[in-house]
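Okay, here's what each chain looks like letter by letter:
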Amino acid sequence: MFLFMLWCSYSTIAWSAAVHKGVQEDVQYGYKASTTTGTVFNFLSALGEVAFAYAGHNVVLEIQATIPSTPEKPSKIAMWRGVIVAYIVVALCYFPVALIGYWMYGNSVEDNILISLNKPVWLIAMANMFVVVHVIGSYQIYAMPVFDMMETLLVKKLHFKPTRMLRFVVRNFYVAATMFVGITFPFFGGLLSFFGGFAFAPTTYFLPCIMWLAIYKPRKFSLSWWTNWICIILGVILMVVSSIGGLRQIIVQAKDYEFYS
């Protein structure tokens, strides 16, 4: 609930501050790229960013495992309601920022709209502080499956002892490694797009469908069979094209980038 309040807070600050500043002079609403190729790649990159925003299924099983489940009240009912509410909240937080930000700044809006806002300084600083606290909290949730995978590998495959020291070293190493990558390669939009397609699209859009087909084996050409295969095909396409778009955006931005500048 606390993270939810932070999420709503900095999203509201972003779009309300943009409304207060109003539509900027010489705002342009056309395509940002000057060529058709650039426009197509920007579109593919945008698909990856949307996939990133609506991802999260890699932690759903971890969350569902903590919910009590009985034959009378299975956990899938609570999870289904939770997922619906989660998607509605994501839409309510992200869509106003995207639509109002584009309305006020046009195609010159930054990937992080707080950079475009600049002033008032105290309000932007508050929003960034909310973002930091929210990311620290949500990072723990997303990293838990990774921590578990790394520790399981070290204990079962490499025969390390499951001690507190092992957990301390492994988790701090992972946090330090991801922090180093984030600081060294701060291509916000490109990284969102690339990881949205390459990492989150499979676990969100087509791997669950493959698991459903493998476990329940619905009748061929039934509604369930067609629905899952359509999701698989569209999910694979999304993974490929959004990864390409995000990688291309990173390469373009890297041409003028200096490390730690």
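Residues numbered from 1 in each chain as written. Predicted model: local features only at pLDDT ≥ 70, side-chain atom pairs only at ≥ 80, totals over all residues. Heavy atoms only, no water.

In the nomenclature of an unreviewed UniProt entry, the protein is known as Lysine histidine transporter 1 of Tripterygium wilfordii. UniProt lists a comment for the protein under the heading Subcellular location (unreviewed entry), and it reads "Endomembrane system". If you open the UniProt record of the protein and go to Sequence similarities (unreviewed entry), you find "Belongs to the amino acid/polyamine transporter 2 family. Amino acid/auxin permease (AAAP) (TC 2.A.18.1) subfamily." (UniProt positions renumbered as here; feature names shortened; annotations may be inferred.)

## Overview of the confidence of the model for the protein
In this model, the protein carries a mean pLDDT of 84, and residues with pLDDT of at least 70 account for 95%. The weakest mean pLDDT in the protein belongs to helix 3 (residues 60-64) at 71; the strongest belongs to helix 9 (residues 223-254) at 90. (pLDDT = per-residue confidence, 0-100. Helix = DSSP H or I, 4+ residues; strand = E, 2+ residues; numbered from the N terminus.)

## Some words on the environment of K217
Within the secondary structure, K217 sits in the loop between helix 8 (188-216) and helix 9. Here the side chain of K217 touches A214 through a polar contact of 2.7 Å, landing on its backbone oxygen. (Polar contact = N/O pair within 3.5 Å; in protein donor to acceptor, adjacent residues only side chain to side chain.)

## Focus: the environment of K21
As for its position among the elements, K21 is in helix 1 (residues 2-21). Along the primary structure K21 and P68 are separated by 47 residues, whereas in three dimensions their C-alpha atoms are 48 Å apart. Setting aside its immediate chain neighbours within four residues, K21 contacts Y105, S116, L117 and K119. Here L117 takes part through its backbone oxygen, which lies 2.8 Å from a polar atom of the side chain of K21. (Contact = heavy atoms within 4.5 Å.)

## Let's talk about the packing of helix 8 against helix 9
Between two packed helices, both the angle of their axes relative to each other and the distance between the axes serve to describe the pair. Axis separation between helix 8 and helix 9 bottoms out at 8 Å; the angle between their running directions is 165°. One finds that helix 8 runs roughly antiparallel with respect to helix 9. As for the relative orientation of helix 8 and helix 9, their crossing is left-handed in sense. Taken together, the residues that form the contact of helix 8 with helix 9 break down as 20 nonpolar, 12 polar and no charged. (Axes fitted to C-alpha atoms, helices over the stretch in contact; angles between N-to-C directions. Parallel < 35°, antiparallel > 145°, perpendicular 65-115°, else oblique. Left-handed = near helix turned anticlockwise from the far one by under 90°. Nonpolar A, V, L, I, M, F, W, Y, C, P; charged D, E, K, R; others polar.)

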